[in-house]
Amino acid sequence: MPTLAHYLVLSAVLFCIGTAGVFVRRNLITILLSIEIMLNAVNLSFVAFGRALGSVDGQIIVFFVMTVAAAEAAVGLAIVIGLFRHRESLNPDTFTSLKW
Amino acid sequence: MTLFYVFAAVAVLASMLVIAQRNPIYSVLLLIASFGALSGLYVLLDAPFVAVTQIIVYAGAIMVLFLFVVMLLNAPHEDTEFDEHVHPLRRPGAMRLGAVLAAALIAELAWALSRTGAATGGDFQVAGVSSVRAIGRSLFTTYAFPFEVTSVLILVAMVGAVVLARRDSGPSVPPGA
C-alpha cells in the first residue's frame, strides 16, 4: 500500500513541475495552467494528510481551494483577454509599462 | 500499489507535457488528463467527494473556461525571440535564472523529504473519512462562515471578470474601470 510519504513525494514533484512552468514558459495562458498544477499538488497533500490523520478537514480545505482556483481562473483569464486586446500578444515580456 | 504508480505516472507525465507544449490547446487537454489521474488518486485516498468535485469543477468548468479563452484569442503559438528547442538553461537572461530557481526548489524539496522519510513511513494507521455526510455536516456547522464568505468571493470574481473583459463602450465607463 502506498504510504503518506509516497503521496508527499508525488505532490512535491507536481509542485516543482508547476513552478518550472511558471518560470520557464513565456505564454500567459500556460503560466495560469502551471499555477493550476501547483494548486492541485497542494490539494493532493491536503487530502493525503487528512487521510493520515483520519480527519475530514483536509477534504474541506480542498473544497475551498477549488473555489478560490475557480475565482482566480475567471479573473485571470479576463485580465489576459484585456491585455491581449491592447497588445495582440500573450508574451508577458511585452507588458512592461504600467500605463498605455 | 500498482494503481498508485499508474496514476502517479500519468499525472507527472501529463503535467510535464503541459509545460512542454507550444500550443495552449494541447496544454489544456493534457492538464485535463492530469486531473483525471489525480481524481483516481483521491479515490485511492478514500476521498470520493473530492474525486468527483475534481472532475466536475476542475475538468468540467475551469478547464472549459481556459479552452474558451484559448480559442477566443486565437493565438495558439508563443511568439518568442529564441529557438524553442534550445534547452532552458541555455536561453538568455531571466529564463536561465528561472530554470535554475526551479531546479533549486526540486533539490530543496528532495532534501527535505529525504530527511522526513523515516517519520512518515508505514501505512495509514487510522481509518479514513469517506462519507459525504460527514463532509457536509462539517462544512455547514464548523465551516459555515468560510462557506458563506466563499459565495461572496465567487460573486466578486464574477462581477470582476465581467467588468474586466467587456469592451469599453463610450463615455458611460467610469475612469479606472
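Parameters and conventions
- Residues numbered from 1 in each chain as written.
- Chains lettered and ligands numbered in written order.
- Predicted model: local features only at pLDDT ≥ 70, side-chain atom pairs only at ≥ 80, totals over all residues.
- Core = buried A, V, L, I, M, F, W, Y, C linked by C-beta atoms within 7 Å.
- Buried ≥ 20, exposed ≤ 12 C-beta atoms within 10 Å, placed from the backbone.
- Helix = DSSP H or I, 4+ residues; strand = E, 2+ residues; numbered from the N terminus.
- Domains from an automatic or database assignment.
- Contact = placed C-beta atoms within 7 Å.
- Nonpolar A, V, L, I, M, F, W, Y, C, P; charged D, E, K, R; others polar.

1. With respect to the nonpolar core
Part 1 of the argument: Leu-14, Ile-29, Leu-44 and Val-47 of chain A together with Phe-66 of chain B are the most contacted members of the largest nonpolar core, which has 63 residues in total.
Part 2 of the argument: Those elements that place two or more of their residues in this core are α1 (4-24), α2 (28-53) and α3 (57-87) of chain A together with α1 (2-18), α2 (24-44), α3 (48-73) and α6 (144-165) of chain B.
Part 3 of the argument: In terms of residue count, the dominant contributor to this core is α1 of chain A (13 residues).
Part 4 of the argument: A domain-level breakdown of this core finds at least three residues from each of domain 1 (1-76) and domain 2 (131-167) of chain B.
Part 5 of the argument: Residues in contact with Phe-66 of chain B, not counting those within four places in the same chain, are Ile-29, Leu-33, Ala-73 and Leu-77 of chain A together with Val-28 of chain B.

2. Concerning the interface of chain A and chain B
Part 1 of the argument: Facing 60 residues of chain A, the contacting portion of chain B comprises 71 residues.
Part 2 of the argument: Of all the elements in the fold, those that place two or more residues in the side of chain A that touches chain B are α1, α2 and α3 of chain A.
Part 3 of the argument: Take the side of chain A that touches chain B: its biggest share by element is 20 residues, from α3 of chain A.
Part 4 of the argument: Residues that form the side of chain A that touches chain B fall into these classes: 41 nonpolar, 15 polar and four charged.

3. Side note on the environment of Phe-68 of chain B
Residue and element names in this part refer to chain B.
Part 1 of the argument: In this fold, Phe-68 is placed in helix α3.
Part 2 of the argument: Judged by local crowding, Phe-68 falls into the exposed class, with 12 C-beta atoms found within 10 Å.
Part 3 of the argument: Spatially, the C-alpha atom of Phe-68 lies 36 Å from that of Ala-134, the residues being 66 residues apart in sequence.

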